[in-house]
Amino acid sequence: MRFQPSKPWTKRRRTTGAGPTAPAAPDTPSTPSPADTGTAYYTLLSWVSARATNFDVYLSTVNPPTTIVAPQIQSTSYIPTLLPGTTYYWKIVAFNAGGSATGPVWSFTTSAARTTLFELAGDVVTSRVRFPSLTIHDVLGAQPNTGSCVFGDTAPNAGEGLKIGLGTLDDSALIFGGEIQSLDQTYAGLPNVNPVWPVSLIDHTFRLNKRRPYGTWVETSASVIARAIAVRYAPDFTTVGVQDGLPNVSIIFDGSEDFMTCMRRLATAISDFTVVGKTKVDYARDIKLFLIDPDAEQPDPINTTHPPLDKPSPIEFSIDHSQIRTRVSGKGHSEAIPTDVSIGETILPVPDAVMFNVNGGTAITGVTSSGAQAQVVTYEGVQLGGGGSLVGPGAAPSVAPLLAVSVGAGLSSGLYGYAYTDVTASGESLPSPLGTITVGTYPAPTSAPAVGTPTAGTGPDAGVHLYGVSYVTATGETVPGPTSSVTTGSVPIAAPSSAPTLTEVAGTQFWAPGDHVQVGVTFVTAAGETTVGPAGTVVIALPFGNNQIDVSNIPLGPGGTVSRKLYRIQVTGTTPTGNIFVVAIGDNVSTTLTNLQAGSLYSSSGQFGPVSNTAGNSDVHVVPLSAIPLGPSGTTGRKIYRTAAGGSQLKLLTTISDNSTTTWIDGATDASLGSNALAVGSATANQVAIFYVSTGPSPTTSRNIYRTLVNGSQLYLWGPIADNVNTNAGLDNVPDAVIAGNAIAPTSDTSGLTQPSGQVNAGSTTLLTASAGPFQFNGGWAILGGGQTVRYTGYSGNTLTGIPASGPGAITTTVLYGSQVLPSPAVVGINQWNGVPLAMAKGSAVAIWVQRDDLSAQAALGQLELDEDGNPTDGIREYTITDGRFGEDLLIATCDADLAQFSRPIVSCQYSTRDPKTKAGRTVSIDLGGFGEAGDYTIQSVDLSFDSPYTLPLRRVTASSTAFTLAQLLQRVLIG
């Protein structure tokens, strides 16, 4: 029901003040779009009416309009359904609480359904385009669509946006959207009378690629990634066409690729041989990324009812046999064997066997770590490994717990000892070695800050200064740690103490073979120059005119050095030439000089640089500090202390209010130093972090932590770790009075894990373990500490047996009792237990291998490819797919999908049509009743040409029985 504004206040209340006032009626609707009596290039109607809240929209093909097509809408725009080539009449009635206002009757005429419309930079310019100059090239994949046309009357501008639509310029009617990429000028007839401007067009891909994305995503939906980079790098584009819920990918964009290249990488990442990701930007500036195109309205079929056009040329078919394959082999996930194996070995150790088929399969192996894989072998199963044991007859804990002082109250100040035991269903082991720690005083730094070379400026007074650092905690401050020293003030400038390095390389200089070239360095200050330091020498070996000398490791001078000089003397044999040349380096930064030149003549009498040091002293006071010690957990800040010149008392220089900064520049004078450093630390720490307790050997189920009383020796039970996984026991703040009432540590072992000291020597043919349960009764491989991988043939009791005394699989270094021994994952039953045909070196790869055959395709191809005697061939054409991510199942599926796609000849065709649903990437069904090859074809490209502005464009179509998208082509390169 429409709101009736008449008599808005029919009943009044008695009030103490003035009553509410009705608003003024709305303004009469105005400013129609499309303009009155104009052409409707869009189906959107809009208007203006101040103060209005609701509108009735009248629209019909009769004047005046009497039909309300949109009653009481609250928007100032409306999109009706319009017929082409029709004149419409419309008006707007505006409402609010104060009344209504009826607008005038407006009219507009829609374009014919086939009219080609152009909008250039927001203006409709249909009349300026010369027909039939317009062509549009629509292509499959993410590459841009292009076009060309000729403008008359007025020159367009390169870079201006352009829309081309059929009937309207609505997004759904666009046949091109983009911009003018290049612009030429010529004329038809007379240059000053009829100039024309041929232009080339490119779709929105060009504009989209103006910015380059950055970002890192790990296991994130490609939908999320595409929308994220669009929001940041393409804010003028929409992402309606990005399919929701696309697969997770991990990807990095580093700014080296344009936007659509990044989108293509996303499309490739979500692709496999069963489904192909696609991306595109459409003419309405919407970015698309999908596996299934939701907008793919398929073209009409090409058949006797909808035949192709005979002009400009009839339909034609071609058949390509070049890409057929009827046998596809796949190489998938691989593992590198961790040790050498001998010829005939039936069990191959691998780091991880989980990707191999537990029921057996086929693998391909190499024989060297860097060589290709060429041995195809069968296997009957896998050993997954897992579990483990210790070397020796059984083990109690052999490693002390790791401890650290922590800020907090609870323990008395003094020395504490900690140990732990392994607990099994049978009992408890003896305690581990004792870990000790002193609590009460927070530990001071154990290192001094590093002092760098002083530089000019205001800072510590001239003399020797000491630097030290203390830690600050919530409870106080430690004493300073060790100190480092530096001298400031007047520092003598000494000559260089090291020689530069001279290297002869190929060049165009004329150094004489056999000559000795020597170069020394001086430091130059504002006061003068040092003498020459040690000289570097090179003997010329390359031919005259084909060499040069490069200088490196040129010494850097101390503070106050403003430049350096290189002095050079050339000696033939052992006789100096007498001429000394000098090359100046105008900085104190460079350490290399390429292509040493003659420079200027310094001396012809053999004097090698200055005879005395005139560089004087360098007045330096600013001291750079680095490697400022970082405190343990609980440190909230640090204080840097320094002595006055020549003093011994550390005074406060500055406070660093964090535990991460490691550098500081000291520019403070002695007079600005603060209070003295503490002689006794005030930072207390009366808790202990027990942060590493080793897990026990099987069958350990838990561990018990024991602790002494302060300065005591008897271990009392502190508490259990109720599993054999966690290694962090937490913080100890339990007072001695509580601990003293607990059980004491065991003095005998009841766990069944007794572990005496001992070792297994290199070359031993057996290996005693705490438990042989995790190992294979029929043999396998075991991993020892230090990376040894040993072969055993079985076990007796808890002893692995059958270990070779030497060669592959032998124990090569001594193994201590208590060290870990693990069953190695392995691929077993090689070649039906006959073993590998060739020995394999450590690092050789073992990869999953499959072979898939299309027997019917081989038979069909064999009938086509007859031999010279007319007999059928085997029809086998092989192809290999390699992808290290694939296990056997996915590898088989990939090979089968590839066979399904390429085991038959590729058929392509070209035809012409005016069907507007014909676009690149869509599928067209072709069946001409016996002519050509019937089937479904993927449209690869469409070339649009235009006879006139009032007819549907002619579309020249190239289609193929196999869709070759850019993503597929990239994949074929990668996996080929």
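Residues numbered from 1 in each chain as written. Predicted model: local features only at pLDDT ≥ 70, side-chain atom pairs only at ≥ 80, totals over all residues. Heavy atoms only, no water.

Examining the side chain of S432
As for its placement among the helices and strands, S432 is situated in the loop between β32 (414–423) and β33 (435–441). Not counting residues within four places of it along the chain, the set of residues in contact with S432 comprises P397, V399, A400, P401, A419 and Y420. (Helix = DSSP H or I, 4+ residues; strand = E, 2+ residues; numbered from the N terminus. Contact = heavy atoms within 4.5 Å.)

Focus on the environment of Q181
By the secondary structure assignment, Q181 is in strand β15 (residues 174–183). The partly exposed category is assigned to Q181, whose relative accessible area is 38%. Spatially, the C-alpha atoms of Q181 and V524 are 59 Å apart, while their sequence positions differ by 343 residues. When near neighbours in sequence (up to four residues on either side) are disregarded, Q181 contacts A158, S200, L201, I202 and F206. (Buried < 20%, exposed > 50% of the residue type's maximum accessible area, 1.4 Å probe, protein only.)

Quick notes on the confidence of the model for the protein
The share of residues in the protein with pLDDT of 70 or more is 94%, and the mean pLDDT across the chain is 89. Considering only residues more than four positions removed or in separate chains, one finds that residues 1–17, a stretch of pLDDT under 50, has 19 contacts. Counting contacts from residues 964–976, a segment whose pLDDT is below 50, to residues more than four positions away or on other chains yields 34 contacts. (pLDDT = per-residue confidence, 0-100.)

Focus: the sheet that holds strand β57 (residues 789–792)
If you trace the 4 strands from one edge of the open sheet to the other, you get β30-β61-β56-β57, paired in antiparallel fashion. Looking at strand neighbours, the two that pair on one side only are β30 (389–390) and β57, the edges of this open sheet. Where strand β56 (residues 780–784) meets strand β61 (residues 820–823), 3 bridges bridge the pair, whose relative direction is antiparallel. Its bridge partner lying in β61, A782 is registered against P823. (Pairing = 2+ DSSP bridges.)

Quick look at the pattern of salt bridges
Under the definition given, this model contains 26 salt bridges. With a closest N to O distance of 3.6 Å, E179 and R207 form a salt bridge. With E179 in strand β15 and R207 in helix α1 (residues 205–208), this pair connects stretches of sequence that are 28 residues apart. For E179, a relative accessible area of 4% puts it in the buried group. Residue classification places R207 among the partly exposed residues on the basis of a relative accessible area of 26%. (Salt bridge = Lys/Arg side-chain N within 4 Å of Asp/Glu carboxyl O.)

Let's talk about a nonpolar patch on the surface
A surface patch of nonpolar side chains, amounting to about 260 Å² of accessible area, comprises L402, F691 and Y692. Within the secondary structure, Y692 is located in strand β50 (residues 687–692). (Patch = residues over 30% accessible without salt bridge, like charges linked within 9 Å, V, L, I, M, F, W, Y side chains within 5 Å. Areas by Shrake-Rupley, 256 points an atom, 1.4 Å probe, with all protein chains shown as cover.)

Comments concerning the packing of aromatic side chains
Within this structure, the stated rule accounts for 14 aromatic pairs. Consider the rings of F356 and Y379, whose centres lie 6.0 Å apart with planes at 80°: the pair is edge-to-face. Remark: Y379 occurs in strand β28 (residues 375–379) and F356 occurs in the loop between β26 (347–349) and β27 (361–365); sequence separation between them is 23 residues. In this structure, F356 and Y379 share a single accessibility class: buried. Ring pairs connect the aromatic residues W47, F55, Y88, W90, W106 and F108, which therefore count as one cluster. (Phe/Tyr/Trp six-rings, centres within 6.5 Å; stacked < 30°, edge-to-face > 60°.)

Re the sheet that holds strand β62 (residues 826–828)
Strand order in this open sheet of 3 strands is β26-β62-β29, and the pairing throughout is antiparallel. The strands lining the two open edges of the sheet, one partner per strand, are β26 and β29 (381–383). Within this sheet the neighbouring strands show an average axis-to-axis angle of 25°, counted without direction. (Axes fitted to C-alpha atoms, helices over the stretch in contact; angles between N-to-C directions.)

So, helix α5 (residues 855–864)
Since the α-helix turns once every 3.6 residues, residues separated by three or four places project in the same direction. By the burial criterion, the buried members of α5 are A857, Q858, L861 and G862. Considered in projection along α5, the buried side chains sweep an arc of 135° and stay on one side of the axis. Along α5, the residues that are exposed and aim more than 90 degrees away from the buried face are L855 and Q863. Against the buried residues of α5 lie β25 (327–336) and β63 (845–853). (Arc of directions from axis to C-beta.)

Comments concerning helix α6 (residues 888–902)
For α6, spanning 15 residues, the distance from its first C-alpha to its last is 21 Å, which sits close to the expected 21 Å at 1.5 Å a residue. Buried residues of α6: E888, L891, T894, C895, A897, D898, L899 and F902, and no others. (Expected span 1.5 Å × (residues − 1).)

Overview of the pairing of strand β17 (residues 195–203)
A large share of β17 lies buried, amounting to 7 of its 9 residues. Taken together, the 7 bridges between strand β13 (residues 146–152) and β17 define a ladder with antiparallel strand orientation. Considered in β17, the bridge of F151 is made with W197. Where β15 meets β17, 5 bridges bridge the pair, whose relative direction is antiparallel. The partner of G178 across the bridge, within β17, is D203.

Observations regarding the nonpolar core
I136, F151, I164, L201, Y911, V924 and I926 are the most contacted members of the largest nonpolar core, which has 37 residues in total. What I926 contacts, discounting residues up to four positions off in sequence, is I302, I315, F317, C909, Y911, E933, A934, G935 and Y937. Listed in part, the 28 residues of the second largest apolar core include I337, L348, A363 and V827. (Core = buried A, V, L, I, M, F, W, Y, C linked by side-chain atoms within 4.5 Å.)

So, the environment of T478
Residue position: T478 is located in the loop between β35 (463–472) and β36 (484–492). Owing to a relative accessible area of 2%, T478 belongs among the buried residues under this scheme. A C-alpha to C-alpha distance of 8.4 Å links T478 and P445, two positions 33 residues apart in sequence.

Examining unusual backbone geometry
Trans peptide bonds make up the majority, and among non-glycine residues the majority have a negative phi. The residue after S33, namely P34, is reached through a cis peptide bond having omega 10°. Structurally, P34 can be placed in the loop between β1 (30–33) and β2 (38–40). Cis geometry is found at the peptide bond from K311 to P312, where omega equals 10°. The backbone of T31 sits at a positive phi, close to 50°, despite the residue not being glycine. Of note, T31 is situated in strand β1. Positive phi outside glycine occurs at A121, with the angle close to 50°. One can find A121 in the loop between β10 (116–120) and β11 (123–124).

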